[in-house]
Amino acid sequence: MDENKAQENHEDFLPKPAQDVVSSIDDSALKDESKDLEFKNRLDLSELQQSVAKIKAEVGKVIVGQKDMVDMLIASLLAKGHSLIEGVPGVAKTVTAKLLAKSLSVDFSRIQFTPDLMPSDILGTSVFNLKDSEFEFKKGPIFSNMVLIDEINRAPAKTQAALFEVMEEQQITIDGHKYKLDIPFMVLATQNPVEQEGTYRLPEAQLDRFLFKIDVDYPNLEEEIEILSREHELKENTKTEQITSFLTAKQIATYQSLVSKVIVEKHLLKYIAELIVATRSNRFLYLGASPRASISVLKASKAFAAMAGRDFVTPEDIKRAVVPVLHHRVIVTPEREMEGVTSKQIIQQIIETVEIPR
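Keep in mind the model is a prediction, meaning the values are calculated, not measured.

**Q** Teacher, can you tell me more about the overall build of the protein chain here?
**A** The helix and strand tally for the protein chain stands at 17 helices and 13 strands. The proportion of buried residues among the 358 residues of the protein chain is 44%. In the protein chain, the proportion of contacts linking residues at least 24 apart, taken out of those at least 6 apart, comes to 78%. A total of about 20,600 Å² of accessible surface is found on the protein chain, and carbon and sulfur atoms cover 52% of it.

Right, here's the structure in full:
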């Protein structure tokens, strides 16, 4: 008997089975707690996300691959920025820009830059009206919502410089009069990196006006086959006929306003600043990034966050924005350039050395 009692007392100290613990918890309490923990955006970005997905789908009807380029063009639009697209001839730089414009229900104009192009050919000019005996301003092709400039490095410096004011302030000043451009306004410029004969290199001040410099590579084998298949099936139809316009200027302006409200924590602002300052002290760079570059990284990271359906920026958004925002704004030292070191490699190195905030 004593042995039995001792055994019973010993069993009292043993841990109870896990089933007893689980069954003792109220299921309704768990459900209520999960509701409290459910994440909700402070900004409603669902419509923006749907529109971004639709733009990608429309452009994807014609363009094979080039997802990074399309993403950056959309981010540039949402961040109120301009993009410079660089790639060899025939990789769909111009076509992609035209298709993006076609998917938006906004005004679009295309300017082919040539060595004999004058600033007045872009901005417009004052013409004497014989009826009223007064000068009347005739607007140039720059007065549009989306402007595609083909081969921007083909025009001389004075014509390139005509874009400075319009890209930064969305206005032009002619004969002492200011003319505002409609919102949204976006410049997409293309240039060829291999054929430099008869071209005029863009100055640093001009490059700094572009939010992104997008490098376009060749398609891989599978993408090349798909391009040929689609071209064969197209027959007599044009590529732009497949694209449906759906996003209005008012909707774009609303999305741009939403993107500007995306939340960025203070430690992430510090992270952006540390990345930019690191370019100024890097021994491989002759010219570092300016404060305009840090503002551009901030705007681009907000756009990437909104496109992902988040109303807050993460370090990954910033890291994604840094290379396309900075690599055309910094200059590699001549010694390193001769060794084949690129600005992209140096910026990537800086990203790896600067501590990511947690």
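**Q** When you look at helix α17 (residues 343–353) in this model, what are you seeing that I'm missing?
**A** What α17 keeps buried is the set S343, I346, I347, I350 and I351. Mapping the buried residues of α17 onto a view down its axis gives an arc of 145 degrees, with all of them on the same face. Counted as exposed and oriented over 90 degrees from the buried face of α17: E352 and T353. Of the surrounding secondary structure, the elements contacted by the buried residues of α17 are α13 (266–280), β12 (285–287), α15 (315–326) and β13 (331–332).

**Q** Sorry if this is basic, but what is going on with the sheet that holds strand β3 (residues 108–112) here?
**A** Each strand in a sheet pairs with its neighbour through backbone hydrogen bonds, running either in the same direction (parallel) or in the opposite one (antiparallel). Pairing in this open sheet of five strands is parallel, and the strands run β3-β6-β9-β1-β10 from one edge to the other. Edge positions in the sheet fall to β3 and β10 (212–215), since each has one partner strand and no second. Sheet twist, expressed as the average angle between the axes of neighbouring strands with direction ignored, equals 20 degrees. One ladder, built from four bridges, connects strand β6 (residues 146–150) with strand β9 (residues 186–191); its direction is parallel. Of the residues in β9, the one forming a bridge with V147 is V187. Packed on one face of the sheet, helix α6 (residues 93–103) meets β1 (83–86), β3, β6 and β9 and runs near 170 degrees to β6.

**Q** Explain a nonpolar patch on the surface to me, please; I cannot follow it from the model alone.
**A** Together, F128, L130 and F135 line one region of the surface with nonpolar side chains, adding up to about 390 Å² of accessible area. Along the polypeptide, F128 turns up in strand β4 (residues 124–129).

**Q** Any chance you could explain unusual backbone geometry here in plain terms?
**A** Working note: non-glycine residues mostly have negative phi, and peptide bonds are mostly trans. Between I183 and P184 the backbone carries a cis peptide bond, its omega angle lying at 0 degrees. Unusually for a residue other than glycine, K80 sits at a positive phi of about 60 degrees. With respect to the helices, strands and loops of the structure, K80 is situated in the loop between α5 (67–78) and β1.

**Q** Please explain the pattern of salt bridges as it appears in this structure.
**A** Between side chains of opposite charge, pairing is possible as soon as their charged atoms come close. Taken as a whole, this structure holds 15 salt bridges when the rule is applied. Across the pair D71 and R320 runs a salt bridge whose closest N-O atoms are separated by 3.0 Å. Residue D71 is located in helix α5, and its partner R320 is located in helix α15; the two are separated by 249 residues in the primary sequence. Here the residues in one salt-bridge network are E168, D208, R209, R292 and R329, joined through shared partners.

The rules behind the values
Residues numbered from 1 in each chain as written. Predicted model: local features only at pLDDT ≥ 70, side-chain atom pairs only at ≥ 80, totals over all residues. Heavy atoms only, no water. Helix = DSSP H or I, 4+ residues; strand = E, 2+ residues; numbered from the N terminus. Buried < 20%, exposed > 50% of the residue type's maximum accessible area, 1.4 Å probe, protein only. Contact = heavy atoms within 4.5 Å. Areas by Shrake-Rupley, 256 points an atom, 1.4 Å probe, with all protein chains shown as cover. Arc of directions from axis to C-beta. Pairing = 2+ DSSP bridges. Axes fitted to C-alpha atoms, helices over the stretch in contact; angles between N-to-C directions. Patch = residues over 30% accessible without salt bridge, like charges linked within 9 Å, V, L, I, M, F, W, Y side chains within 5 Å. Salt bridge = Lys/Arg side-chain N within 4 Å of Asp/Glu carboxyl O.

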